[in-house]
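Examination of the molecular architecture
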Amino acid sequence: MTRRDIEFDAEGVTLRGWFYPAEDSTGTAPTIVMAHGFSAVKEMYLDKFAEVFSANGLNALVFDNRNFGDSDGTPRLEIDPWAQVRDYRHAITYANTLPEDDGRIGVWGSSYSGGHVLVVGAIDRRVKAVVAQVPLISGYDNIRALVRSDFIDGFRTQFDADRMARFHGKEPAMVPVVAENPLDPSALPTPDSWQWFTETGKNRAPNWKNEVTLRTVEMLGEYNPVDYIAQVSPTPLLILPARGDVLTPSAFAIAAYEKALEPKKLVILPGGHFDAYVKGFDASSGAALDWFREHLLTP
């Protein structure tokens, strides 16, 4: 498996990642553009998905989101979902300059970036196939599924105080991504989030940081990819919710699927949110590969 390090400009910010050329290709091939979800970096199993695509006739372009991992950008550890959507589009433009690319683009996203690819698929017609794995459907609804209703006003108070502090020149407030006790403050307050991020960070991605800006959580609550889902058509859309997902509840993704227009497909994965990367990897990567091959490699 050959891959090369890449970097490209995203309106003044350098994003870095990997490019996996399609194996056994004698010419050009379609390219799958991929980035990770909430705070995660590319080393957290994106290489495994890219290897599957590359081994089956597809190029894969994997990059770290701005402000994270090997990519530049400030404030560090801040997730602006709309900036990440724009960066997918910068990555598509960069992919189209590569000699291995034949102009056919697929976008793959998971969790937070699973929401991003719904938006990108709706607004960027260079995209010819979309795969949204365990996607965030609505930040507004998702926060209310994870955070007790009597805690919501407390978050708003913190957001307003942080905004005033930043106005006066102070550094952004920070919050852990995950916490061992799900009742302690964190952005992703589920036990499986703690286990996956800490174990994967330790074993695969020592550059992952268990921290994001507080404003990241505020922007999450304002972001609703579902508003775009009906506009993805006529680009083919595959949605891959996980049956036991408690982080981005599968009920939201299944309901959103009903709002999408044809061509579309729903495949419900086994296990929970993070199983899509590990013990459920064959199911998740296999479904994505089949979709991309059908819609990018079939004449």
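Please refer to the structure higher up on the page.
These notes cover the structure that comes with them. (Residues numbered from 1 in each chain as written. Predicted model: local features only at pLDDT ≥ 70, side-chain atom pairs only at ≥ 80, totals over all residues. Heavy atoms only, no water.)

**Observations regarding the overall build of the protein**
Counting its secondary structure elements, the protein contains nine helices and ten strands. Over its C-alpha atoms the protein spans a radius of gyration of 18 Å, differing by no more than 12% from the 19 Å that the globule rule assigns to 299 residues. Summarising its shape, the C-alpha atoms of the protein cover approximately 55 × 40 × 35 Å along the three principal directions. Expressed as a percentage of the 299 residues in the protein, the buried residues total 57%. Expressed as a percentage of contacts within the protein between residues at least 6 apart in sequence, the contacts between residues at least 24 apart total 75%. (Helix = DSSP H or I, 4+ residues; strand = E, 2+ residues; numbered from the N terminus. Rg over C-alpha atoms; globule rule 2.2 N^0.38 Å. Buried < 20%, exposed > 50% of the residue type's maximum accessible area, 1.4 Å probe, protein only. Contact = heavy atoms within 4.5 Å.)

**Remarks on the sheet that holds strand 10 (residues 264-266)**
If you walk across this open sheet you meet the eight strands as 1-2-4-3-5-6-9-10, and the pairing is mixed. A single partner strand is all that each edge strand has here, and the edge strands are strand 1 (4-10) and strand 10. Each strand of the sheet is rotated relative to its neighbour by a mean of 20°, with strand direction disregarded. Relative to strand 10, strand 9 (residues 237-240) runs parallel, the two sharing three bridges. Bridging from a neighbouring strand, Leu237 pairs with Lys264 of strand 10. (Pairing = 2+ DSSP bridges. Axes fitted to C-alpha atoms, helices over the stretch in contact; angles between N-to-C directions.)

**Observations regarding helix 3 (residues 112-123)**
Taking 1.5 Å of rise per residue, the twelve residues of helix 3 would be expected to cover 16 Å, and the 17 Å separating its terminal C-alpha atoms lies within 8% of that figure. Of the positions making up helix 3, those classed as buried are Tyr112, Ser113, Gly114, Gly115, His116, Val117, Leu118, Val119, Val120, Gly121 and Ala122. Looking at the buried residues of helix 3, the elements they touch are strand 3 (29-35), helix 2 (81-95), strand 5 (101-110), strand 6 (127-133), helix 7 (214-221) and strand 9. (Expected span 1.5 Å × (residues − 1).)

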